[in-house]
Amino acid sequence: MPATKVLFIGGTGIISSAASALAAERGMEVTLLNRGRSQREPAEGVEVLTADIADDAAVDAALAGREFDVVADMIAFTPDQVQRDIDRFEGRTGQYVFISSASAYQKPVAHLPITESTPLRNPFWQYSRDKIACEELLTAAYRDRGFPVTVLRPSHTYDEWTIPAFGGWTAIDRIRRGEQIVVHGDGTSLWTLTHSRDFAVGFVGLFGNPLAYGDTFQITSDFVYTWNEIYGMLGRAAGAEPRLSYATSAAIEAELPDRAGQLTGDMAHSVVFDNTKIRRLVPDFAPRIGLHTAVREIIDRHDAHPELQRVDPAVNAAFDRLLA
């Protein structure tokens, strides 16, 4: 039976905005549960409930014992948060969708392309290790009690509200000012970028599909670029050729300890994905939006919304120290 009632916990982020809009467009009854603080407006016809997911009393009051065909938690990052969802929704949803991360795959990657059977092991990034622990908890719940979980592993997903580069808008600001930006390695590692509207097709296509219960799917595009190409496209769309300098990932992270693991555990590695599995279950999943076509929309959106042009002083200072 197709899913009709869908709850997104979060629902206004990069991935969930496009997915909730597509679900509503396909005639599903879509409800978002979040704190109501996003700059993105929810899609037309979507119900919005305001509550902090960490406030159990507020969430229980907002949901008032309702049941859903699908619950998709976009903001669960740790096992205790996932356990909270299991306790709340077991017996109240036909499918629970967990957003894991392709960064959980082994680093360094032993072979390409990456598939769902690639081992999970990331000794560099705590974020990834937490996602692995969440997956293990959900797998046990499925095996022990039949909890109807579907795990998704997106890689780097973006939309017009985001700059798909290390440092975000800081990189664009430096390019426009003629300042050098620091790129990890030599800029030639391969990186897969997936537009959120493409991702949404695979995501929503799994809703209510019993073949997806207890299983895991990576959903990425087939658009693969080097980092030199990514910065080149962003810079030219912003009106200037980027001046690139290079440093090791470890050196960059040493200057930015709060980002430890983001490069060494993810972005520094070449990642190319095999999406055969998602295509089998969702035949209309066929990514069409490459960065080379989306980049103009991204820069135009940021130029039209100065509040999005957030320069990170820590990244700026780190780049200056590395360049010095």
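Preceding this section is the structure that the text describes.
Note that the structure is a prediction, hence the values are computed from the model and not measured. (Residues numbered from 1 in each chain as written. Predicted model: local features only at pLDDT ≥ 70, side-chain atom pairs only at ≥ 80, totals over all residues. Heavy atoms only, no water.)

Q: Describe the overall build of the chain, naming the residues involved and giving the relevant values.
A: Assigned secondary structure in the chain consists of twelve helices and twelve strands. Computed over the C-alpha atoms, the radius of gyration of the chain is 20 Å, within 12% of the 20 Å expected from 2.2 N^0.38 for a compact globule of 324 residues. Seen through its C-alpha atoms, the chain measures out along the principal axes to roughly 60 × 45 × 40 Å. For the chain, buried positions account for 55% of its 324 residues. Summed over all atoms, the accessible surface of the chain reaches about 13500 Å², with 51% contributed by carbon and sulfur. (Helix = DSSP H or I, 4+ residues; strand = E, 2+ residues; numbered from the N terminus. Rg over C-alpha atoms; globule rule 2.2 N^0.38 Å. Buried < 20%, exposed > 50% of the residue type's maximum accessible area, 1.4 Å probe, protein only. Areas by Shrake-Rupley, 256 points an atom, 1.4 Å probe, with all protein chains shown as cover.)

Q: Describe the packing of helix H1 (residues 14-25) against helix H6 (residues 196-205), naming the residues involved and giving the relevant values.
A: Each packed pair of helices is defined by two parameters, the angle between the axes and the distance between the axes. Two numbers describe how H1 lies on H6: the axes approach to 8 Å, and their chain directions differ by 60°. Here H1 lies oblique to H6, going by the angle between them. Crossing hand, H1 versus H6: right-handed. Of the residues in H6, those in contact with Ile14, Ile15, Ala18, Ala19, Leu22 and Ala23 of H1 are Ser196, Arg197, Phe199, Ala200, Val201, Phe203 and Val204. Split into classes, the residues belonging to the contact of H1 with H6 amount to eleven nonpolar, one polar and one charged. (Axes fitted to C-alpha atoms, helices over the stretch in contact; angles between N-to-C directions. Parallel < 35°, antiparallel > 145°, perpendicular 65-115°, else oblique. Left-handed = near helix turned anticlockwise from the far one by under 90°. Contact = heavy atoms within 4.5 Å. Nonpolar A, V, L, I, M, F, W, Y, C, P; charged D, E, K, R; others polar.)

Q: So what's going on with the sheet that holds strand S7 (residues 156-158)? Which residues, and what values?
A: Strand order in the open sheet formed by three strands is S7-S9-S11, with mixed pairing between adjacent strands. One side of each edge strand has no neighbouring strand; the edge strands of this open sheet are S7 and strand S11 (224-226). Averaged over all pairs of adjacent strands, the angle between strand axes in this sheet comes to 45°, irrespective of strand direction. The pairing of S7 with strand S9 (residues 190-195) spans three bridges and is classified as parallel. Considered in S9, the bridge of histidine 156 is made with leucine 193. Packed onto the sheet, helix H7 (residues 227-238) meets S9 and S11 and runs at close to 90° relative to S11. (Pairing = 2+ DSSP bridges.)

Q: Describe the environment of threonine 12, and please don't skip the residues or the numbers.
A: Here threonine 12 lies in the loop between strand S1 (5-9) and H1. Considered as a pair, threonine 12 and arginine 40 are 28 residues apart in the sequence and their alpha carbons are 6.0 Å apart. If sequence neighbours within four positions are ignored, threonine 12 has contacts with Ser17, Leu32, Asn34, Ser38 and Arg40.

Q: Can you tell me about the nonpolar core, naming the residues and giving the values?
A: Counting residues in hydrophobic clusters, the biggest one holds 41 residues, and the most contacted among them are Ile163, Phe166, Ile230, Tyr231 and Leu291. Sorting the residues of this core by element identifies helix H5 (169-176), strand S8 (181-184), S9, H7, helix H9 (263-267), helix H11 (291-304) and helix H12 (313-323) as the ones contributing at least two each. With seven residues, H7 is the single largest residue contributor to this core. Sequence-distant contacts of phenylalanine 166, that is, excluding residues within four places in its chain, are made with Ala171, Tyr231, Ile252, Leu256, Arg259, Gln262, Leu263, Met267 and Phe319. The next biggest cluster of nonpolar side chains, apart from the first, holds 30 residues, and it includes Ala23, Val70, Leu152 and Phe199. (Core = buried A, V, L, I, M, F, W, Y, C linked by side-chain atoms within 4.5 Å.)

Q: Outline the pattern of salt bridges, supporting the account with residue identities and numerical values.
A: For the coordinates displayed, the defined rule picks out 20 salt bridges. Taking the shortest distance from any N to any O, the salt bridge between glutamate 160 and arginine 197 comes out at 3.9 Å. Here the residue glutamate 160 occupies a position in the loop between S7 and H5, and arginine 197 occupies one in helix H6, the gap between them amounting to 37 residues. The class for glutamate 160 is buried, based on a relative accessible area of 13%. Among the salt bridges present, the one from aspartate 215 reaches lysine 277, with a minimum N-O distance of 2.7 Å. Note that aspartate 215 is positioned in strand S10 (residues 215-219) and lysine 277 in helix H10 (residues 276-281), a separation of 62 residues in sequence. Overall, lysine 277 belongs to the partly exposed group, its relative accessible area being 22%. Connected through salt bridges with shared partners, the residues Glu160, Arg197, Glu297 and Arg301 form a single ionic network. (Salt bridge = Lys/Arg side-chain N within 4 Å of Asp/Glu carboxyl O.)

Worth remembering: the numbers are spatial, not functional.
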